[in-house]
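Results of the structural survey
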Amino acid sequence: MSVSEVVNVNQPMCPSRLVLEHVTSRWGVLVLAALLERSYRFGELRRTVGGVSEKMLAQTLQTLERDGFVHRDAKPVIPPRVDYSLTPLGREAAEQVWGLARWVERRLDAVETARETYDEARSRSAPGLVGQG
């Protein structure tokens, strides 16, 4: 499938699925969101995005850079200085996923209530069938 063909994320071989996976992954969302604020050096970004390993951050940044969302600016100084920032395309993507992340934060109580209701109903109706279906 070429990019010029009709893109439909519901089609199994649609290339947009991979891009969607990159921007909506746990680390993808958090990196994009952090970079909405300003550019960061690697170590700063790792501290800002709590819990990400050095390896995962490096992979995430490389993937987002390849997709055209992140700009890597390596300055030829000693010690080397590399700054990461959003491209215009990256800013668009970051604003979209950050809106979803903020919505999740605001509605987390409702989600937790729904989970408790679901779990209680499942445990009463079919104790031996939890996890099936």
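Our subject is the structure listed above.
Notes on the structure in this doc start here. (Residues numbered from 1 in each chain as written. Predicted model: local features only at pLDDT ≥ 70, side-chain atom pairs only at ≥ 80, totals over all residues. Heavy atoms only, no water.)

**Looking at the pairing of strand S3 (residues 81-86)**
Pairing geometry for strand S1 (residues 40-41) and S3, over 2 bridges, is antiparallel. Note on S3: the bridge partner recorded for Arg41 is Asp83. When strand S2 (residues 70-75) meets S3, the two strands line up antiparallel, connected through 6 bridges. By the bridge assignment, His71 is partnered in S3 with Ser85. Turn length for the S2-S3 hairpin, with the two strands adjacent in sequence and antiparallel, is 5 residues. (Pairing = 2+ DSSP bridges. Helix = DSSP H or I, 4+ residues; strand = E, 2+ residues; numbered from the N terminus.)

**Section: a negative patch on the surface**
Taken together, Asp109, Glu112, Glu116, Asp119 and Glu120 make up a surface patch of like negative charges. Tracing the sequence through the fold places Glu116 in helix H5 (residues 88-125). (Patch = residues over 30% accessible without salt bridge, like charges linked within 9 Å, V, L, I, M, F, W, Y side chains within 5 Å. Areas by Shrake-Rupley, 256 points an atom, 1.4 Å probe, with all protein chains shown as cover. Salt bridge = Lys/Arg side-chain N within 4 Å of Asp/Glu carboxyl O. Lys, Arg positive; Asp, Glu negative; His and termini not counted. Charge placed at Lys NZ, Arg CZ, Asp CG, Glu CD.)

**Things to note about the packing of aromatic side chains**
This structure, assessed with the given rule, holds 0 aromatic pairs. Its end group placed over the ring of Tyr40, Arg38 keeps NZ or CZ at 3.9 Å from the ring centre. (Phe/Tyr/Trp six-rings, centres within 6.5 Å; stacked < 30°, edge-to-face > 60°. Lys NZ or Arg CZ within 6 Å of the ring centre and 35° of its normal.)

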